[in-house]
Amino acid sequence: MSAEVFSVFYQFADVFAFLILSAAGLAIVFGMMGVINMAHGEFIMCGAYVTVGLVNLGVPLPIAQIAAAITAGLIGVVVEYLIVRRFYKRPLDSLLATWGLSLIVTQSMLLIVGSSVRGIGTPEGSFAIGAYTFSSYRLVLFGAAVAVLVGLYIVFMKTRFGVIARATMQNAAMARALGARTGRIYAISFGIGAGLAGLCGALYAPTMTLIPTMGATFVVESFVTVVIGGANVLLGTAPAALLLAAIRMTLNASYGQIIGQIGMLVAVILIIRVLPEGLSSVLARRGR
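Residues numbered from 1 in each chain as written. Predicted model: local features only at pLDDT ≥ 70, side-chain atom pairs only at ≥ 80, totals over all residues. Heavy atoms only, no water.

Let's talk about the pattern of salt bridges
All told, the structure shown has four salt bridges when counted by the stated rule. Arginine 138 is the salt-bridge partner of aspartate 14, the closest N and O atoms lying 3.3 Å from each other. Taken together, the positions of aspartate 14 in helix H1 (residues 3-32) and arginine 138 in helix H5 (residues 136-157) put the pair 124 residues apart, joining distant regions of the chain. Among the salt bridges present, the one from arginine 90 reaches aspartate 93, with a minimum N-O distance of 2.7 Å. The class for arginine 90 is partly exposed, based on a relative accessible area of 39%. For aspartate 93, a relative accessible area of 30% translates into the label partly exposed. (Salt bridge = Lys/Arg side-chain N within 4 Å of Asp/Glu carboxyl O. Helix = DSSP H or I, 4+ residues; strand = E, 2+ residues; numbered from the N terminus. Buried < 20%, exposed > 50% of the residue type's maximum accessible area, 1.4 Å probe, protein only.)

Below, the structure written as structure tokens:
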């Protein structure tokens, strides 16, 4: 593989990993559960801050990242129990409630830890192919994104919990009548979504400057990826990320990152206009 070809793949993999890792948790909370979680960025921020805090205490980075994801997931379960479960089937109310939570968390973190936190630096070093030098950690992020996709498919398509969870989200009353503990299912599902958001923050913590509003960096991309993926997030999120990554990578290479992001958002508008039910509706029809 030539250096130029690998460079193209590397840039695509970098954008794809960013879209998948930022959208995975939201795909469950928003795409499957129907909760417009405006605090998604704060769960990402939680994962990043916990990771950096543990690493600064001497905890190895991989263990700190796992602990951060678990912490965000447990906080998600608490948030679901105290706030979110009152707003199922009320998407606008869930938007306002989680937006308020987002503002409270952001301002609280600003008061408690200040405007920024000392970073930990990107691990794994770099490698060279031809005249190009690449960060090894970016490939780790790509591998993590693929692993998250596979894990979500296995959990929600191949396990008893996944079957019950999908049934609960489609028709909670019927699932409850058949004996499913829907309250517990919702709490666990929201916790998984929050944990995946925390994992995203944990994985990107070494690559970013930590500020209380850092979650906003991920929110737009995560929402548009889930929205154009369509109702079947397990089918649509990955193709949506592939398409958006290809568009953004092409524009980034030709015109820079700002034009790349603008072009990606314009493409999202056009895709929603042509396919209002998302990419998963097309893929589902072709699979029949």
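Now that the structure has been shown, we can carry on.
Notes on the pairing of strand E1 (residues 126-129)
Where E1 meets strand E2 (residues 132-135), four bridges bridge the pair, whose relative direction is antiparallel. Bridge pairing in E2 places serine 126 opposite serine 135. Counting the residues that bridge the hairpin from E1 to E2 gives two residues, and of these glycine 130 lies at a positive phi of roughly 65°. (Pairing = 2+ DSSP bridges.)

So, the side chain of glutamate 221
Mapping glutamate 221 onto the fold places it in helix H9 (residues 216-229). One polar contact links glutamate 221 to glutamine 261, side chain to side chain, over a distance of 2.9 Å. Leaving out residues up to four positions away in the same chain, glutamate 221 has contacts with Phe18, Leu19, Ser22, Arg248, Gln261 and Met264. (Polar contact = N/O pair within 3.5 Å; in protein donor to acceptor, adjacent residues only side chain to side chain. Contact = heavy atoms within 4.5 Å.)

Here's the deal with the UniProt feature "transmembrane region" (unreviewed entry) in the protein
Mapped onto this numbering, the UniProt entry gives "transmembrane region" (unreviewed entry) at residues 15-36, 43-59, 65-84, 96-117, 137-156, 185-204, 224-246 and 258-276. The distance from the first to the last C-alpha atom of residues 96-117 is 29 Å, and the span holds 82% helix and 0% strand. (UniProt positions renumbered as here; feature names shortened; annotations may be inferred.)

Section: the nonpolar core
Core analysis: the largest hydrophobic core is formed by 68 residues, its most contacted members being Leu21, Met33, Phe190 and Tyr204. The element contributing the most residues to this core is H1, with 15 residues. Not counting the four nearest positions on each side in its chain, phenylalanine 190 is found in contact with Val29, Met33, Val35, Asn37, Phe43, Gly76, Val79, Glu80 and Val84. (Core = buried A, V, L, I, M, F, W, Y, C linked by side-chain atoms within 4.5 Å.)

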